[in-house]
Amino acid sequence: MIRVSEVILSDEEIEAVNTVLKSNHLVQGSVAEELESAVASYCKTAHALAFNSGTAALHTALFAAGIIAGDEVITTPFSFVATANTILMQGAIPVFADIDENYFHITAESIEQKITPQTKAVLIVDLYGQAVDYDAIRKICDKHNLVLIADSCQALGAEYHGRKVGSIADITVFSLYATKNIMSGEGGLLTTNNDEYAQRSKLFRSHGQDAQYSYQFLGYNYRLTDVLAAIAVKQLEKIEEKTLQRNSNADYLTKKLSRLKGIQTPQVRPNTRHAFHQYTIKITKDCSKTRDTIQKTLGENGVETRVYYPTLLSESPHLHTQDRCPIAEIVKDQVLSLPVHPHLSTNDLDAIVKTFEAIL
Ligand SMILES: *Cc1c(COP(=O)(O)O)cnc(C)c1O
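Definitions and limits used
Each residue is numbered by its place in its chain's sequence as written, counting from 1. Two thresholds apply to this predicted model, a pLDDT of at least 70 for residue-level local features and 80 or more for giving and counting side-chain atom pairs, whereas whole-chain, interface and lining totals are computed over all residues. Side-chain measures were taken over the full set of non-hydrogen atoms in the model, leaving aside hydrogen atoms and water. Criterion used throughout: strands pair if DSSP finds at least two bridges between them. Secondary structure elements follow DSSP: runs of H or I of four or more residues count as helices, runs of E of two or more count as strands, with numbering from the N terminus. The cutoff for a nearby residue is simple: one of its non-hydrogen atoms must lie within 4 Å of the molecule or strand. Under the rule applied, a polar contact is a pair of N or O atoms within 3.5 Å (in protein, one hydrogen donor and one hydrogen acceptor; residues adjacent in sequence only if both atoms are side-chain atoms). We get accessible surface area from the Shrake-Rupley algorithm with a probe of 1.4 Å; when it comes to residues, only the shown protein chains can shield them. Three classes are used, and their members are as follows: Ala, Val, Leu, Ile, Met, Phe, Trp, Tyr, Cys and Pro are nonpolar, Asp, Glu, Lys and Arg are charged, and the others, Gly among them, are polar. Side-chain atoms within 4.5 Å are what join buried Ala, Val, Leu, Ile, Met, Phe, Trp, Tyr and Cys residues into a set we call a nonpolar core. Relative accessibility thresholds used throughout: buried, under 20% of the residue-type maximum; exposed, over 50%; partly exposed, between the two (1.4 Å probe, protein chains only). Residues are treated as being in contact if the distance between any of their heavy atoms lies within 4.5 Å. To obtain an axis, a line is fitted to C-alpha atoms, over the contacting stretch when the element is a helix, and the angle between two such axes runs from 0 to 180 degrees between their N-to-C directions. Orientation categories follow fixed angle ranges, with anything under 35 degrees roughly parallel, anything over 145 roughly antiparallel, 65 to 115 roughly perpendicular, and all other angles oblique. A crossing counts as left-handed when the near helix is turned anticlockwise from the far one by less than a right angle, and as right-handed when that turn is clockwise. Here a salt bridge means any side-chain nitrogen of Lys or Arg lying within 4 Å of a carboxyl oxygen belonging to Asp or Glu. Side-chain rings of Phe, Tyr and Trp (the six-membered ring for Trp) are treated as a pair once their centres are within 6.5 Å; stacked means planes under 30 degrees apart, edge-to-face means over 60, and tilted covers the remaining angles. Expected helix span is taken as 1.5 Å per residue step, with the number of steps being one fewer than the number of residues.

Draft legend 1. Structural context of the sheet that holds strand E6 (residues 159–160). Pairing is antiparallel across the open sheet formed by three strands, whose spatial order is E7-E6-E13. In the strand order of this sheet, the two ends are held by strand E7 (163–164) and strand E13 (272–273), each with one partner. Relative to E13, E6 runs antiparallel, the two being bridged by two bridges. Its bridge partner lying in E13, Tyr-160 is registered against Thr-272.

Structural data, given as structure tokens:
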């Protein structure tokens, strides 16, 4: 089976973990700090903080930005559930803006339509590893005095107009979950250039504690262990190489698959670098087969694919919203993510293409 993602640890990562285990210092300490400074220097930000999940980092970002009960946060319906759940964790209200049909991101226009006096922040998602149109969205945020938060859980390594994702929004969050481009099994990161947001985030991560037995506000235990940080430190050293490999795999697939009728290959925004966390095609209505038939047949021929995401967050009962997102409703039935990870061989890529050609 050619898998959508592969977790492959090299000897370097295993050795780094062993070193931590033998040091008898397992909790957040010098290795997590090493990870934080490597991320800050990679993304070119003043601050980077490590967390025990992307979800924890996202919850922290909303807290740090001052989001409280009753505030509205505009976000996308087409994402992993953590994007909206973390808004609920702060007692705030997720308001869903529609996406565009080529990049699958919420747009400046769709955001602006949803702004009310209660709106405090915009939470964008760099879906599939591609940057949103940050300049256009920043303009809207500045005009309406909104904090711009980025759920870039899938987009470490992506670039927008020559800048790394992580350094563009007011606060950015990444995930180090096992299937992500760079991972530690479970883990997360937060980057910001704002000293106050960084300070609030640091305290929130550890019970709101600013000195021993002194607590500023409600906080949680969102710390990353040094055991897991050690994996991420080694992985981060290989991020450029891995991102280039993902791009080269994507280019190969696009060259062959874009010839097929009814298949729309991923659109890359001008002046950006896609991190290709997912290589997501759209099966349009002029295709001779349905998405579900294509997915089933690929599977029977040894090619694993996934649908990210088959349901919209705006449809989930616990998010109790009336928001309609007509484009997202169409797109969710068209998308299909194919393997693009850096461990694919040329044979694997050829097998994916041949299977597609046989089906269509
Ligand atoms: C992976 C992911 C998260 C959550 O990250 P965890 O580390 O699993 O908590 C949040 N948002 C998006 C878009 C993701 O892909």
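Draft legend 2. Just the site of the ligand, in detail. Around the ligand sit 15 residues in total, of which Gly-54, Thr-55, Asp-151, Ser-175 and Lys-180 are the nearest. Interatomic distance of 2.9 Å between a side-chain N/O atom of Gln-154 and an oxygen atom of the ligand. Bound to the protein, the ligand loses 93% of the 380 Å² it would expose on its own. Those elements that provide at least two residues to the shell around the ligand are helix H3 (54–64) and helix H4 (82–89). A class-by-class count of the residues in the shell around the ligand yields five nonpolar, eight polar and two charged.

Draft legend 3. The nonpolar core, seen in detail. Among the nonpolar cores identified, the biggest contains 95 residues, and Leu-35, Val-122, Tyr-134 and Phe-356 are the most heavily contacted of them. Discounting chain neighbours no more than four positions away, the residues touching Val-122 are Ile-74, Ile-106, Ile-111, Ile-137, Cys-141, Leu-146, Val-147, Leu-148 and Ile-149. Core analysis: the next-biggest nonpolar cluster, separate from the first, contains 25 residues, Ala-61, Phe-63, Ala-65 and Ala-92 among them.

Draft legend 4. Representation of the pairing of strand E1 (residues 47–51) within the structure. Summarising burial for E1: four of the five residues are buried, a large majority. As paired elements, E1 and strand E9 (residues 188–192) share five bridges and run antiparallel to each other. Each residue of the ladder has a partner; that of Leu-49, found in E9, is Leu-190.

Draft legend 5. Fine view of the packing of helix H2 (residues 30–43) against helix H8 (residues 226–236). Direction vectors running N to C along H2 and H8 enclose 30°, while the axes themselves pass 8 Å from each other. The angle between H2 and H8 places the two elements in the roughly parallel class. Regarding H2 and H8, the two cross each other, and that crossing is left-handed. Listed contacts from H8 to Ser-30, Val-31, Ala-32, Glu-34, Leu-35, Ala-38 and Val-39 of H2 are Asp-226, Ala-229, Ala-230, Ala-232, Val-233 and Leu-236. Of the residues belonging to the contact of H2 with H8, the class tally is 10 nonpolar, one polar and two charged.

Draft legend 6. Representation of the pairing of strand E15 (residues 335–338) in the model. Where burial is concerned, the two faces of E15 agree: the one with Val-335 and Ser-337 and the one with Leu-336 and Leu-338 are both buried. Both strand E14 (residues 279–283) and E15 contribute to a ladder of four bridges, which runs antiparallel. The partner of Ile-281 across the bridge, within E15, is Leu-336.

Draft legend 7. Molecular detail of the pattern of salt bridges. Inspection of every chain in the model, using the stated rule, returns 19 salt bridges. In this structure, the salt-bridge partner of Arg-138 is Asp-142, at a minimum N-O distance of 3.9 Å. Placement of both Arg-138 and Asp-142 in helix H6 (residues 134–144) is noted, with a separation of four residues, approximately one turn of the helix. The residue Lys-234 makes a salt bridge to Glu-237 at a minimum N-O spacing of 3.7 Å. Looking at Glu-237, the relative accessible area reads 52%, which means it is exposed. It is possible to trace a salt-bridge network through shared partners that takes in Glu-159, Lys-164, Glu-240 and Arg-273.

Draft legend 8. Spatial organisation of the side chain of His-277. In this structure, His-277 sits in the loop between E13 and E14. Of the residues examined, His-277 reaches a relative accessible area of 7% and is grouped as buried. A distance of 3.4 Å separates the side chain of His-277 from the side chain of Gln-278, its partner in a polar contact.

Draft legend 9. Structural view of the packing of aromatic side chains. Scanning all chains against the criterion turns up 12 aromatic pairs. A ring pair is formed by Phe-78 and Phe-104, whose centres lie 6.4 Å apart and whose planes are at 65°; its orientation type is edge-to-face. Of this pair, Phe-78 sits in the loop between strand E2 (72–75) and H4 while Phe-104 sits in the loop between strand E3 (93–96) and helix H5 (108–113), placing them 26 residues apart in sequence. Given the relative accessible area of 6%, Phe-104 is considered buried.

Draft legend 10. Region of the structure containing H2. An ideal rise of 1.5 Å per residue puts 20 Å on 14 residues; H2 measures up with 20 Å between its terminal C-alpha atoms. When H2 is considered as a whole, its buried residues turn out to be Val-31, Ala-32, Leu-35, Glu-36, Val-39, Ala-40, Tyr-42 and Cys-43. Where H2 terminates, the next one or two residues include Lys-44, which has phi positive at roughly 60°.

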